[in-house]
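As a plain string of letters, each chain reads:
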Amino acid sequence: MTDALTPETPDEDEQPIKQRKNGLYPGVSDELAENMKGGWADTELRDLEPIEQAPNAARRRAALSARFPGERLVIPAGNLKTRSNDTEYDFRASTEYVYLTGDQTDDSVLVLEPTKDGHEATVHRLPRSNRENGEFWLDGMGELWVGRRHSLDEAEALLGVPCKDVRELAEALKEATGPVRVVRGHDAGIETALTDKVTAERDEELRVYLSEARAVKDAFEIGELQKAVDSTVRGFEDVVKVLDKAEATSERYIEGTFFLRARVEGNDVGYGSICAAGPHATTLHWVRNNGAVRSGDLLLLDAGVETTTLYTADVTRTLPINGRYTDLQRKIYDAVYEAQEAGIAAVKPGAAYRDFHDAAQRVLTEKLVEWGLVEGPVERVLELGLQRRWTLHGTGHMLGLDVHDCAAARTEHYVNGTLEPGMVLTVEPGLYFQADDLTVPEEYRGIGVRIEDDIVVTDDGNRNLSAGLPRRSDEVEAWMAGLLGK
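The structure displayed is predicted, hence computed values, not measured ones. (Residues numbered from 1 in each chain as written. Predicted model: local features only at pLDDT ≥ 70, side-chain atom pairs only at ≥ 80, totals over all residues. Heavy atoms only, no water.)

Turning our eyes to something else, we now look at the packing of helix H13 (residues 327–345) against helix H14 (residues 355–370). Here H13 crosses H14 at 155°, and the two axes come no closer than 7 Å. When the interaxial angle is binned, H13 and H14 end up roughly antiparallel. Once H13 is placed against H14, the crossing between them reads as right-handed. Across from Ala335, Val336, Glu338, Ala339, Ala342 and Gly343 in H13, the residues of H14 making contact are Phe356, Ala359, Ala360, Val363, Leu364 and Lys367. For the contact of H13 with H14, the class distribution of residues is nine nonpolar, one polar and two charged. (Axes fitted to C-alpha atoms, helices over the stretch in contact; angles between N-to-C directions. Helix = DSSP H or I, 4+ residues; strand = E, 2+ residues; numbered from the N terminus. Parallel < 35°, antiparallel > 145°, perpendicular 65-115°, else oblique. Left-handed = near helix turned anticlockwise from the far one by under 90°. Contact = heavy atoms within 4.5 Å. Nonpolar A, V, L, I, M, F, W, Y, C, P; charged D, E, K, R; others polar.)

In structure tokens form, the structure reads like this:
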């Protein structure tokens, strides 16, 4: 990674250029500065078409405007976050900003200014780097160093929203009058500018509204989720084909293999991939992925590709590393499959959100009682929640721009709500027998199984977006054998 140049101190009326201590060049000569100003081709992009989600974003802004009439609404994309010293994490724009604009640019802010007829929306973002003052080649975040960004005119054409220079926004917000709401937690500078104009309670109402608004997906969103799932299916196939290499190395080989698919076909993984082999499968969020991969053990792979529009899949399969389940592994796997079947069947419009969880938990509890691992009757176990020692988690969650989408929604609109067509959720029951659990027979210990699919509620029931991956134990074995040419 190269060092940005170190400029001389800028004039007082210029924006300060970020400098790196210990740069090899002590300054910039007048001749070089003058030379760098000119001789550049016109790269402005003209005749741009709006991005595909622009009309959807416009409808969402209109609904937001109707919900908060007469109030200024501020939705930041967020800023880069430092990973170490002067290197940053890859930027991921805030979900609220993406939902309302389709844009993913760091430091940008959507502002809805109240008017007599509703609101006027403006996206505030960084313009092209300044070539007159040397910003584009002297600043560490200048375009010569980090790549070209869209001009304000280009951004306006793509997003279908007027665009202004974001560097002027904070001062303007300080002078703003009237009621204001901001989505917190993404841009400290914007929040500071509004510190005496907003309240936590009112801002939370805005965040909750935007979370609940995402519960029912439109056709574009469902299409993007299907793309995410389809890429994820191919990523799972990639993993099966290299299990021998993972055995020779570690779970990291699985993680890296899936990540390659995510980066080639999408933006990234939607969350840290869980590549849990052997007893690691009993750790729900095992993302260290540094363990051994052994023939005869199970691999619990929980991973999802995030599309370039930031919609993510979330799929889990528990695979026999050598291609064949043992009798006990199959018994546990088939129990989880049966529970998932019951859960998926309960996903339909008008059903209570909790129905699919309750249906899956009942099946798992029946199995635990049948196996003699917990004393029945089943109703007693469910009432006391005793099955949770081995089922651990809820059976699913909303899915969309966030892997745990709509998380800020009110309880009565989420887990105590009712399913509607267009909602997308995961159904993911599991059984986990910890390696140190002395309440179960020794042969159970260290076995963890989860099966997870992404389900969209339809007018007459549901559709499994991830049906491209086999679920039944015999189908999983046949699928793996086909991929491995056995």
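Having seen it, we continue.
The interhelical angle for the contact between helix H2 (residues 54–67) and helix H9 (residues 200–213), taken along N-to-C directions, is 140°, at an axis separation of 11 Å. One element, H2, and the other, H9, form an angle in the oblique class. Handedness of the crossing formed by H2 with H9: right-handed. Only Leu206, Tyr209 and Leu210 of H9 make contact with H2, whose side of the interface consists of Ala63, Leu64 and Arg67.

A few words on the pattern of salt bridges. Under the counting rule described, the total for this entry stands at 38 salt bridges. The residue Glu171 makes a salt bridge to Lys174 at a minimum N-O spacing of 3.1 Å. Here Glu171 and its partner Lys174 are both found in helix H7 (residues 169–174), three residues apart, which amounts to about one turn of the helix. Relative accessible area serves as the criterion here: at 48%, Glu171 is assigned to the partly exposed category. Here Glu224 makes a salt bridge to Lys227, at a shortest N to O gap of 2.9 Å. With Glu224 and Lys227 both in helix H10 (residues 219–241) and three residues apart, this pair spans about one turn of that helix. (Salt bridge = Lys/Arg side-chain N within 4 Å of Asp/Glu carboxyl O. Buried < 20%, exposed > 50% of the residue type's maximum accessible area, 1.4 Å probe, protein only.)

Before going further, it helps to spend a moment on unusual backbone geometry. Along the chain, Gly376 connects to Pro377 via a cis peptide bond; the corresponding omega equals 5°. Take Pro377: it is sitting in the loop between H14 and helix H15 (378–384). Even without being glycine, Asn85 reaches a positive phi, approximately 55°. With respect to the element layout, Asn85 can be found in the loop between strand S2 (82–84) and strand S3 (87–88).

On to the side chain of Glu154. Of note, Glu154 is situated in helix H6 (residues 152–159). There is a polar contact of 3.1 Å between the side chain of Glu154 and the side chain of His150. One polar contact links the side chain of Glu154 to the main-chain amide nitrogen of Ser151, over a distance of 2.9 Å. If sequence neighbours within four positions are ignored, Glu154 has contacts with Thr43, Glu44, Leu45, Leu48, Arg148 and Arg149. (Polar contact = N/O pair within 3.5 Å; in protein donor to acceptor, adjacent residues only side chain to side chain.)

Burial along strand S15 (residues 447–450) is two-sided: the face carrying Ile447 and Val449 and the face carrying Gly448 and Arg450 are both buried. Bridge count between strand S14 (residues 430–433) and S15: four bridges; the pairing is antiparallel. In the strand pairing of S15, Gly430 is matched with Arg450. (Pairing = 2+ DSSP bridges.)

Secondary-structure assignment places Glu49 in the loop between helix H1 (30–37) and H2. Along the chain, Glu49 and Glu154 lie 105 residues apart, while their C-alpha atoms are 9.6 Å from each other. Once residues lying within four places of it in the same chain are set aside, the contact partners of Glu49 are Ala157 and Leu158.

Let us now look at empty space enclosed by the protein. Over the atoms, a rolling probe the size of a water molecule traces out where space has been left empty. One pass over the structure, following the stated rule, counts one cavity of 30 Å³ or more. Of the pockets and cavities examined, the largest cavity occupies roughly 50 Å³. What lines the largest cavity is simply Gln53, Arg60, Val98, Tyr99, Gly102, Phe220, Thr309 and Tyr311. Looking at the lining of the largest cavity residue by residue, the classes come out as four nonpolar, three polar and one charged. (1 Å grid on protein atoms, 1.4 Å probe; cavity = no way out; pocket = protein on both sides within 12 Å on 5 of 7 lines; lining within 4 Å. Points joined across faces, edges and corners; volume = space filled by probe spheres on them.)

Structurally, Gln340 is set in helix H13. With relative accessibility at 0%, the residue Gln340 sits in the buried group. Among the polar contacts listed, one links the side chain of Gln340 to the backbone oxygen of Ile451, at a separation of 3.5 Å. Among all residues touching Gln340, those that are not within four sequence positions of it are Val427, Pro429, Ile451, Glu452, Asp453 and Arg471.

With respect to burial, strand S5 (residues 118–125) is a largely interior element, seven of its eight residues being buried. Strand direction decides the pairing type here: strand S4 (residues 109–115) and S5, joined by seven bridges, are antiparallel. Paired with Pro114 across the bridge in S5 is His119. Between S4 and S5, which pair antiparallel and follow one another directly, the connecting turn spans two residues.

Under the present numbering, the feature "domain: Aminopeptidase P N-terminal" (unreviewed entry) in UniProt falls on residues 51–191. This span, residues 51–191, is 33% helix and 22% strand, and a straight line between its end C-alpha atoms measures 29 Å. (UniProt positions renumbered as here; feature names shortened; annotations may be inferred.)

Once that is clear, we can look at the environment of Glu375. Along the polypeptide, Glu375 turns up in the loop between H14 and H15. For the pair Glu375 and Leu386, spaced eleven residues apart in sequence, the C-alpha separation works out to 9.3 Å. Beyond its immediate chain neighbours, meaning those up to four positions away, Glu375 contacts Arg380 and Val381.

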